[in-house]
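# Structural overview for review
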Amino acid sequence: NRPRVVIVGGGFGGASCAKYLRRYVQDVEILLVEPQKTYHTCPFSNTVLAGMNPIDFIAHDYDTLRTAHGVEVIHQTVSEIDPVAKAASLDDGRTLGYDYLVLAPGIDMRWDAIEGYDAAAAEAMPHAWQAGDQTRLLRAQLEAMDDGGTVIIAPPNNPFRCPPGPYERASLIAHYLKQHKPKSKILILDAKEKFSKQGLFMQGWEALYPGMIEWVKGSDWGGMGRVDAGQKTIYSMFDKAFKADVVNLIPPQQAGEIALRTGLANDDGWCPVDQRSFESSIHPDLFVIGDAAVAGQMPKSGFAANSQGKVCAAAIAARLLEVDLPEPSYVNTCYSLVGPDYGISVAAVYRMQEGQIKSVEDSGGVSPTEADAQFRRDEARYARGWYQSITSDMFG
Ligand code: FAD
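Everything quoted here is computed from the prediction, not taken from an experiment.

## Some thoughts on the overall build of the protein chain
Along its length, the protein chain carries 11 helices and 26 strands. Relative to its length of 396 residues, the protein chain is compact, with a C-alpha radius of gyration of 21 Å against a globular reference of 21 Å. Put simply, 64% of the contacts in the protein chain that link residues at least 6 apart link residues at least 24 apart. For the protein chain, the exposed area adds up to about 16,400 Å²; of that, 47% sits on carbon and sulfur atoms. Charge separation in the protein chain, taken as the distance between the mean sites of 37 positive and 49 negative side-chain charges, equals 4 Å.

## Some points on the site of the ligand
With respect to spatial proximity, 35 residues lie near the ligand, and among them G13, E34, Y39, R161 and F303 are the closest. Within the backbone of G13, an N or O atom sits 2.8 Å from an oxygen atom of the ligand. A distance of 3.4 Å separates an oxygen atom of the ligand from a polar atom in the backbone of A104. About the coverage of the ligand: the protein hides 92% of its 1,000 Å² of free accessible area. Where the shell around the ligand is concerned, the elements lending two or more residues are α1 (12-24), α2 (45-49) and α10 (302-321). When residues of the shell around the ligand are assigned to their parent elements, the largest contribution, three residues, is made by α10. Split by residue class, the shell around the ligand holds 17 nonpolar, 13 polar and five charged.

## Brief notes about the sheet that holds strand β7 (residues 87-90)
Where strands meet in a sheet, backbone hydrogen bonds hold them as pairs that are either parallel or antiparallel. Here three strands make up an open sheet; going across it, the order is β6-β7-β8 and the pairing antiparallel. Strands with a single pairing partner mark the edges of an open sheet, and in this sheet they are β6 (78-82) and β8 (95-97). Here the average twist between neighbouring strands, direction ignored, is 20°. Pairing between β7 and β8: three bridges, direction antiparallel. In the sheet register, S89 faces β8, and the bridge partner there is T95.

## Things to note about the pattern of salt bridges
A complete count under the given rule lists 17 salt bridges for this structure. With a shortest N-O distance of 3.6 Å, D147 and K183 are connected by a salt bridge. Within this pair, whereas D147 is found in the loop between α5 (133-144) and β11 (150-154), its partner K183 is found in the loop between α6 (165-180) and β12 (185-189), the two being separated by 36 residues in sequence. Within the structure, one salt-bridge network assembled from shared partners comprises K86, E279, D285 and R319.

The rules behind the values
- Residues numbered from 1 in each chain as written.
- Predicted model: local features only at pLDDT ≥ 70, side-chain atom pairs only at ≥ 80, totals over all residues.
- Heavy atoms only, no water.
- Helix = DSSP H or I, 4+ residues; strand = E, 2+ residues; numbered from the N terminus.
- Rg over C-alpha atoms; globule rule 2.2 N^0.38 Å.
- Contact = heavy atoms within 4.5 Å.
- Areas by Shrake-Rupley, 256 points an atom, 1.4 Å probe, with all protein chains shown as cover.
- Lys, Arg positive; Asp, Glu negative; His and termini not counted.
- Charge placed at Lys NZ, Arg CZ, Asp CG, Glu CD.
- Near = heavy atom within 4 Å.
- Polar contact = N/O pair within 3.5 Å; in protein donor to acceptor, adjacent residues only side chain to side chain.
- Nonpolar A, V, L, I, M, F, W, Y, C, P; charged D, E, K, R; others polar.
- Pairing = 2+ DSSP bridges.
- Axes fitted to C-alpha atoms, helices over the stretch in contact; angles between N-to-C directions.
- Salt bridge = Lys/Arg side-chain N within 4 Å of Asp/Glu carboxyl O.

Following this line, the structure appears as structure tokens:
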């Protein structure tokens, strides 16, 4: 009997892990369980909001994983995992036994974190922090808004999926509004006091969208108190009301629900792992990768999840082939588009240091503050190239 690895979740972490495990080991059954037949990436979903790309641009399927890489893709949801019996139950009633299981379920919203903001409220005030229907909804609201309207973006505290994401979103929504509704405004009501690549973003806003985007730090507006989704209104802790035409509320997050239900998360809602292999610190033979995992200094990004998927595949391959665990190196670059021809980035290489993933000194950094238009144009081109190469690395 061939050993069996079950991978739960076919996003950046899970799809990458499945493909690379096959590269490392031929004699293993790889089952990828993912409910969606079409996966929409969050990366580049902000270009869809801005009308720069159609939603199909960010849609991917699992055909090549199936046909070229011998991965059995099962379109179901995993409802229960029994780490002792080593079995995963599916929504259709089937049970899959496994030798190793990889959980890559991404995030779920913490629906109990903000008074008035639950799954129903997210239909009126979309988060669009998981791509697909939520992206369509927010795009439709932006299209329906009158010129002169106000868009509020409300990002959460750290840690959350894609630290530069809300600010790239503000930029590209501004790009859309500047062309189609130039009297409109964007107000960012942040939970935080500062944000990723802040200096670079603000410099870009000044250059491309002067006066259009206002960023307010948490202590200046009072922080999130409650919301009235029907009224599209956010109330601060001091009950000050902020009403807008479109509200993009990005709530606090936690590891995908199945990870919590399996008892793999800590009190903060994220899953501690041995950061060298991504094996759960709580249950052996069970691995957690991607946004759901606590991964030292790595941000919750698609590139990080892809890198972790490969490291985890190598760790499982080492077990299956009975060889020593390789010494991993991890990588991440987050590109952000401030405009279609204006890109900025933050990059790092990571290694295990003192039992944790830490960035290697002088291995990366952010784009220079002093750079000419050609440099920003080149980085926007690299961002598009990154998207093409990472999606073909996962799904091609
Ligand atoms: P996901 O990609 O979300 O995949 C999880 C999958 O698990 C989902 O398909 C889900 O259906 C499935 N799943 C969940 N529960 C179950 C279950 N019980 N059974 C079966 N399947 C299940 N990252 C970058 O690197 N670069 C970027 O430019 C970038 N831009 C972003 C822009 C935005 C607006 C946002 C919101 C995010 C962006 N990110 C970016 C971050 C990136 O999207 C995430 O970090 C990445 O998707 C994490 O991968 P993952 O595999 O952990 O989760």
